[in-house]
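As a plain string of letters, each chain reads:
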Amino acid sequence: MRIVHFTKDHWPDVEEIYLQGIATGQATFETESPGWKKWHAGHLDICRLAAIVDEKIVGWAALLSVSNRSVYRGVAEESIYVSAYHQGAGVGSFLLKHLVDESEKQGIYSLQAVMFPENIASVQLHERNGFRKIGYKRQIAKLDGQWRDTVLYERRSATIM
């Protein structure tokens, strides 16, 4: 497995994995792909990583700004998605470790992750990789007509402050 920085050329594979996550009902409140333009505009240009196996993207990670206020420039929310066909094979851990390293090189001292508490694989991935639970948002939004909770995790850099 290797990591590459993904670009618009990788979007079809990244989008397919994103759509797989949407289909589970456990990965995001989104119900359809935003398309490249909207996705690109909503994510930071740094730390767009794709995990490659046999020249195929099997997972990806990216960062979102938590605020446009300058005081939060060292804080980002991360997203990690793994192909349905490669889950449980260590892709998520591989991506997250690279994302942490790359984000610290870019001056990010705090990574946040927001997930559904029922997404046990994501919860365990983050807890195994140094994230700590810092809170819940109860009935924060509806997905398919049902109120859903989210849980917030955070990882603080030991090298940047």
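For clarity, every value in this text was computed on a predicted model and none was experimentally measured.

(A) Main features of the environment of lysine 105. The residue lysine 105 is located in helix H3 (residues 91-105) in this model. Distance in space between the C-alpha atoms of lysine 105 and isoleucine 160 is 9.2 Å, their sequence separation being 55 residues.

(B) Spatial organisation of the environment of valine 151. When you line up the elements, valine 151 lands in strand E7 (residues 146-156). Exposure remark for valine 151: the relative accessible area of 2% places this residue in the buried category. With 15 residues separating them along the chain, valine 151 and tyrosine 136 place their C-alpha atoms 4.4 Å apart. In this structure valine 151 touches Ala113, Val114, Met115, Phe116, Pro117, Lys133, Gly135 and Tyr136, once residues within four positions along its chain are discounted.

(C) How the structure looks around the packing of aromatic side chains. A complete count under the given rule lists ten aromatic pairs for this structure. Seen in terms of ring centroids, tryptophan 11 and tryptophan 39 are 5.5 Å apart; in terms of plane orientation they differ by 40°. Their pairing is tilted. Taken together, the positions of tryptophan 11 in helix H1 (residues 11-24) and tryptophan 39 in helix H2 (residues 35-42) put the pair 28 residues apart, joining distant regions of the chain. Here tryptophan 11 and tryptophan 39 have matching classes, each one buried. Ring centres 5.8 Å apart and planes at 25° place the aromatic pair tryptophan 36 and tryptophan 39 in the stacked group. Of this pair, tryptophan 36 and tryptophan 39 both sit in helix H2, three residues apart, roughly one helical turn. Of the two residues examined, tryptophan 36 and tryptophan 39, each falls in the buried class. Among the aromatic side chains, those forming a connected cluster through ring pairs are Phe6, Trp11, Tyr18, Trp36, Trp39, Trp60 and Tyr81. Sitting above the plane of the tyrosine 136 ring, arginine 138 keeps its charged end 4.6 Å from the centroid. One residue, arginine 148, lies across the ring of phenylalanine 116, its end atom 3.9 Å from the ring centre.

(D) Broad picture of unusual backbone geometry. A positive phi is found at cysteine 47, a non-glycine position, where the angle reads about 60°. The topology assignment puts cysteine 47 in the loop between H2 and strand E2 (49-53). One non-glycine residue, glutamine 139, adopts positive backbone phi at about 40°. The residue glutamine 139 is located in strand E6 (residues 132-143) in this model.

Here is what the cut-offs are and how they apply
- Residues numbered from 1 in each chain as written.
- Predicted model: local features only at pLDDT ≥ 70, side-chain atom pairs only at ≥ 80, totals over all residues.
- Heavy atoms only, no water.
- Helix = DSSP H or I, 4+ residues; strand = E, 2+ residues; numbered from the N terminus.
- Buried < 20%, exposed > 50% of the residue type's maximum accessible area, 1.4 Å probe, protein only.
- Contact = heavy atoms within 4.5 Å.
- Phe/Tyr/Trp six-rings, centres within 6.5 Å; stacked < 30°, edge-to-face > 60°.
- Lys NZ or Arg CZ within 6 Å of the ring centre and 35° of its normal.

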